[in-house]
Amino acid sequence: MKVHGAVFTTASRKVFACLYEKELDFELVPVDMRAGHHKKEPFISLNPFGQVPAFEDGDMTLFESRAINLYIAHAYEDKGTQLIYHGKKMAILSMWMQVEANQFDPVASKLVWELVIKLIFGMTTDTAVVEVQEAKLGQVLDIYEVRLGQSKYLGGDDFTLVDLHHLPNIQYLMGTQVKKLFDSRPHVNAWCADILARPAWLKVLAMQHNN
């Protein structure tokens, strides 16, 4: 298996975390995004949209991190952490995966851009945008607080893909002023502490440090 990506991107990190949870060996093929290699051949043949990561498993080539992780979870169901359910429980999990993709991620990604990425590149943070997105994230986390008071994880009583997909953005936001939004909600706070301490995620962080 090969992952063509960059260790600092949230999408690549989702796939790394999934592979580590499944205890699968893979090769990282670094993509130099600063040099624009994600917009050129040979990478563009793997993902015509020019976004990392791209994934190869034998004759299977995929892009879009959530689709890659669903493939890994199903194709290697007998390995490592289960990450998915079956039957009615999978329907509930799928619903919360949609929530992550459509409600949490757009807001969290904008905050990561304003509070993390812009600072890295010496750009000025737009405080008005941050204020609006913080309010939106607070509304999402209010719903999470209720859900996590009913089950240990968002998809149910087991750690699954929906929790995993939150990890990259939460990790970045925990180093910013937005941390208070997670800390102030007891169930959300406990959930964050739990998932951020998973051995597979710690391997992702070590991977970034080493690269």
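In this text, all values refer to a predicted model and were calculated from it rather than measured experimentally.

Asker: What exactly am I supposed to notice about the sheet that holds strand β2 (residues 27-30) here?
Answerer: Strand order in this open sheet of 4 strands is β2-β1-β3-β4, and the pairing throughout is mixed. Edge positions in the sheet fall to β2 and β4 (60-63), since each has one partner strand and no second. Neighbouring strand axes in the sheet, compared pairwise and without regard to direction, differ in orientation by 20° on average. Two elements, strand β1 (residues 2-5) and β2, share 4 bridges in a ladder whose sense is parallel. Paired with His-4 across the bridge in β2 is Val-29.

Asker: Looking at this model, I keep getting lost on the packing of helix α3 (residues 65-75) against helix α6 (residues 161-173). Mind explaining?
Answerer: Each packed pair of helices is defined by two parameters, the angle between the axes and the distance between the axes. The contact between α3 and α6 brings their axes to 11 Å, and the two run at 140°. If you check the angle between α3 and α6, you find them oblique. The interaxial crossing formed by α3 with α6 has right-handed handedness. Counted together, Arg-66, Asn-69, Leu-70 and Ala-73 of α3 and Leu-161, Leu-164 and His-165 of α6 form the full contact between these two elements.

Asker: Would you mind showing me how to read helix α9 (residues 199-210) here?
Answerer: Each α-helix winds once per 3.6 residues, and so residues spaced three or four apart point in a common direction. Taking 1.5 Å of rise per residue, the 12 residues of α9 would be expected to cover 16 Å, and the 16 Å separating its terminal C-alpha atoms lies within 8% of that figure. For α9, the complete set of buried residues consists of Ala-200, Trp-201, Val-204 and Met-207. In a view along the axis of α9, the buried residues occupy a sector of 110°, so they form one face of it. The exposed residues of α9 that point more than 90 degrees off its buried face are Pro-199, His-209 and Asn-210. Where α9 is buried, its residues contact α1 (10-21), β2, α6 and α8 (186-196).

Cut-off values and rules
- Residues numbered from 1 in each chain as written.
- Predicted model: local features only at pLDDT ≥ 70, side-chain atom pairs only at ≥ 80, totals over all residues.
- Heavy atoms only, no water.
- Pairing = 2+ DSSP bridges.
- Helix = DSSP H or I, 4+ residues; strand = E, 2+ residues; numbered from the N terminus.
- Axes fitted to C-alpha atoms, helices over the stretch in contact; angles between N-to-C directions.
- Parallel < 35°, antiparallel > 145°, perpendicular 65-115°, else oblique.
- Left-handed = near helix turned anticlockwise from the far one by under 90°.
- Contact = heavy atoms within 4.5 Å.
- Expected span 1.5 Å × (residues − 1).
- Buried < 20%, exposed > 50% of the residue type's maximum accessible area, 1.4 Å probe, protein only.
- Arc of directions from axis to C-beta.

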